[in-house]
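# Reading the structure
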Amino acid sequence: MTTLLPKATLGHITTTRATGDAAHRVLTKEGFDTAEAEITQWDGYAPTPLHELDALAAHIGVGKVFYKDEGPRFGLASFKALGGAYAALRVLQREIAQQTGQNVSLADIRNGKHRDACAAITLVSATDGNHGRSLAWGCQKFGAPCRIYIHAEVSEGRAQIMRDFGAEVIRITGDYDASVALAKSEAEENDWFVVSDTSWDGYTEPPRDVMSGYGVLTRELCRTLDQAPTHVFLQGGVGGMAAGIIAALVQHYGASSPRVVIVEPDLAACLFESARQGAATTVAIAKETIMAGLSCGEPSALAWDILAQEASDYVTIPDTLVPSTVRLLARPLPGDPVIEAGESAVAGLAALIAARDDADLSDALGLDGSSRVLLIGSEGITDPDIYQQIMEGYEAA
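Below, the structure is looked at part by part. (Residues numbered from 1 in each chain as written. Predicted model: local features only at pLDDT ≥ 70, side-chain atom pairs only at ≥ 80, totals over all residues. Heavy atoms only, no water.)

## A short note on the overall build of the protein chain
Helix and strand counts for the protein chain stand at 17 helices and 11 strands. Taken over C-alpha atoms, the radius of gyration comes to 20 Å for the protein chain, in line with the 21 Å a tight globule of 397 residues would show. Each of the three principal axes of the protein chain carries a C-alpha extent, and together these read 65 × 40 × 40 Å. Looking at the protein chain as a whole, 60% of its 397 residues are labelled buried. Taking the intrachain contacts of the protein chain between residues at least 6 apart in sequence as the baseline, contacts between residues at least 24 apart amount to 75%. (Helix = DSSP H or I, 4+ residues; strand = E, 2+ residues; numbered from the N terminus. Rg over C-alpha atoms; globule rule 2.2 N^0.38 Å. Buried < 20%, exposed > 50% of the residue type's maximum accessible area, 1.4 Å probe, protein only. Contact = heavy atoms within 4.5 Å.)

In C-alpha cells form, the structure reads like this:
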C-alpha cells in the first residue's frame, strides 16, 4: 500500500462501552420523528448522497468505506443546516405559544402565520461558521432577527455569508468559547434567545433540538445501507453531531450499532481529554486548528452523556493530515467519485487512512479487511478562498 497522507502520530484512547439509556433518553425517537417530519417539508429538501469509496477501501485494506456527503444540504454546504434552523423554529414555537397561550404548530410558523410575532423575537448564537450560517438562514426563512458572535479566527468569507442571510455579525478578539460566553451574557441582558449547538447547566432544549435535526441525515443513510457498518468515525467539536448520529444509529440498529470512533484535532481535543478524565472536561485552545468547525474547548453536557456510554474510541489528528485528505477526495483514486469537502469534513477519513498506515492503531481500533466504515462528510466548500488555497498546495504547519 502506498501512503496517501503524510506520516503522523495520532493520539488514541479506548474506553469501555457502557450500558445505559442515554441514546434513547437524551434524544428520543419522538424527537427525531418530529424533526424529520418538519425538515423534510422545507423547500429544497433532498437526501444527501451516500458515496461508496471502493477504490480507497481496497487501497487501505478495508471492506467498505461509506461517505455521507453533506455538502449539498439545502445549499448551505453543511450538515448544520439541519440543526440551527430547526432549533430556531422550535424556539419560536415555544415562545409564541407562551405569549399567546395557544398551541402553535411548526407548519404555521414556517408558512408565515406568526410573522409579526417572529419579528419581535431576536435569536443569537456563537459559531465557528456553519451553525451560525444555518441559524441565519433559518431566521431569514421564519422572519426573526438574528445576531451571530464569531471569534477572531473565523474567516471573513464565512462571516459575510451569514451577513448575506440577514444576520448581524459580531466579531470578538477571543476564541470560540469566549464567543459563546458573550452571546449568553448579552442575550440575558437584552431578553434575546440563545440558539446554541452546545448545552450547559440549565440550558438544554435548543441543543437537544439541534441534535434531533441531525437525526435526519442518519435516517437517510440507514435507509440506504443494507446492513449496519462495523465502524463509524465521527468528528468531535462540542460533540453534538456525534451524539445525534450515535443516538439515531443505536435506535435503528440496536445491538448491531457500529463501533464509534470520535476524531478531533489535537489542538482542540476536549472530548479526548474528557474520555481520559472520565468526565466532561474543558481544555484551553492555545492555537486554532485548520478544522475551524472543530475548534471547541468545552464539550456539550448533553452530548457527553451519550458519548460517555456509546463511544468506544477517541482519536486525535494533527492539522498536517487535512490538506492532503481534502485533495484526495477532490482528486480521487480511479473509480471513486469526486467530492468537494471542507476542512472539518475530512477528519474522520484522515484518521481512518492514518490508522490503516499504523498496524498497532489499526489493530486497537479493530480494523481489518472486513470492516465497513461509515464517515460523515460534514461540510462541503464553506469558504471558497481556503478551499482554493488547499487545492493549490497549501500545507498546514
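## Observations regarding the side chain of glutamate 264
Mapping glutamate 264 onto the fold places it in strand S9 (residues 259–265). The buried charged residue glutamate 264 lacks any salt bridge partner; its closest oppositely charged side chain belongs to arginine 276, at an N-O distance of 9.5 Å. Reaching out from glutamate 264, the side chain makes a polar contact with the backbone nitrogen of leucine 271 at a distance of 2.9 Å. Every residue in contact with glutamate 264, bar those within four places of it in the chain, is listed here: Gly236, Gly237, Ala269, Cys270, Leu271, Phe272, Val315, Thr316 and Ile317. (Lys, Arg positive; Asp, Glu negative; His and termini not counted. Salt bridge = Lys/Arg side-chain N within 4 Å of Asp/Glu carboxyl O. Polar contact = N/O pair within 3.5 Å; in protein donor to acceptor, adjacent residues only side chain to side chain.)

## Details of the pairing of strand S3 (residues 64–69)
Of all six residues in S3, five are buried, a share of seventy percent or more. Direction of pairing for strand S2 (residues 50–52) relative to S3: antiparallel, over a ladder of three bridges. Pairing of glutamate 52 across the sheet is with phenylalanine 66, part of S3. Here S3 pairs with strand S11 (residues 372–377) via six bridges, running parallel. Bridged to aspartate 69 within S11 is glycine 377. (Pairing = 2+ DSSP bridges.)

## Thoughts on the sheet that holds strand S5 (residues 146–150)
With parallel pairing, the four strands of this open sheet are ordered in space as S6-S5-S4-S7. Edge positions in the sheet fall to strand S6 (168–171) and strand S7 (193–194), since each of these pairs with one other strand and no more. Where strand S4 (residues 123–127) meets S5, five bridges bridge the pair, whose relative direction is parallel. Of the residues in S5, the one forming a bridge with threonine 127 is isoleucine 150. Packing against the sheet, helix H8 (residues 156–164) makes contact with S4, S5 and S6, and its axis sits at approximately 150° to S6. (Axes fitted to C-alpha atoms, helices over the stretch in contact; angles between N-to-C directions.)

## Describing the nonpolar core
One finds Trp42, Leu123, Leu221, Leu234, Ile246, Ile262 and Tyr314 to be the most contacted residues of the largest nonpolar core, which totals 84 residues. Considering every element that reaches this core, the biggest residue donor is helix H11 (residues 240–253), with 10 residues. Those residues in contact with isoleucine 262 that sit more than four places away from it in its chain are Leu234, Gly236, Ala242, Ile246, Leu271, Leu307, Ala311, Asp313, Tyr314 and Val315. In this structure, Leu10, Val326, Ala341 and Ala345 belong to the second largest nonpolar core, which totals 43 residues. (Core = buried A, V, L, I, M, F, W, Y, C linked by side-chain atoms within 4.5 Å.)

## Some points on a negative patch on the surface
Together, Asp358, Asp360, Asp363 and Asp368 make up a negatively charged patch on the protein surface. Mapped onto the fold, aspartate 363 is located in helix H16 (residues 359–364). On the basis of relative accessible area, aspartate 363 is assigned to the exposed category, the value being 59%. (Patch = residues over 30% accessible without salt bridge, like charges linked within 9 Å, V, L, I, M, F, W, Y side chains within 5 Å. Areas by Shrake-Rupley, 256 points an atom, 1.4 Å probe, with all protein chains shown as cover. Charge placed at Lys NZ, Arg CZ, Asp CG, Glu CD.)

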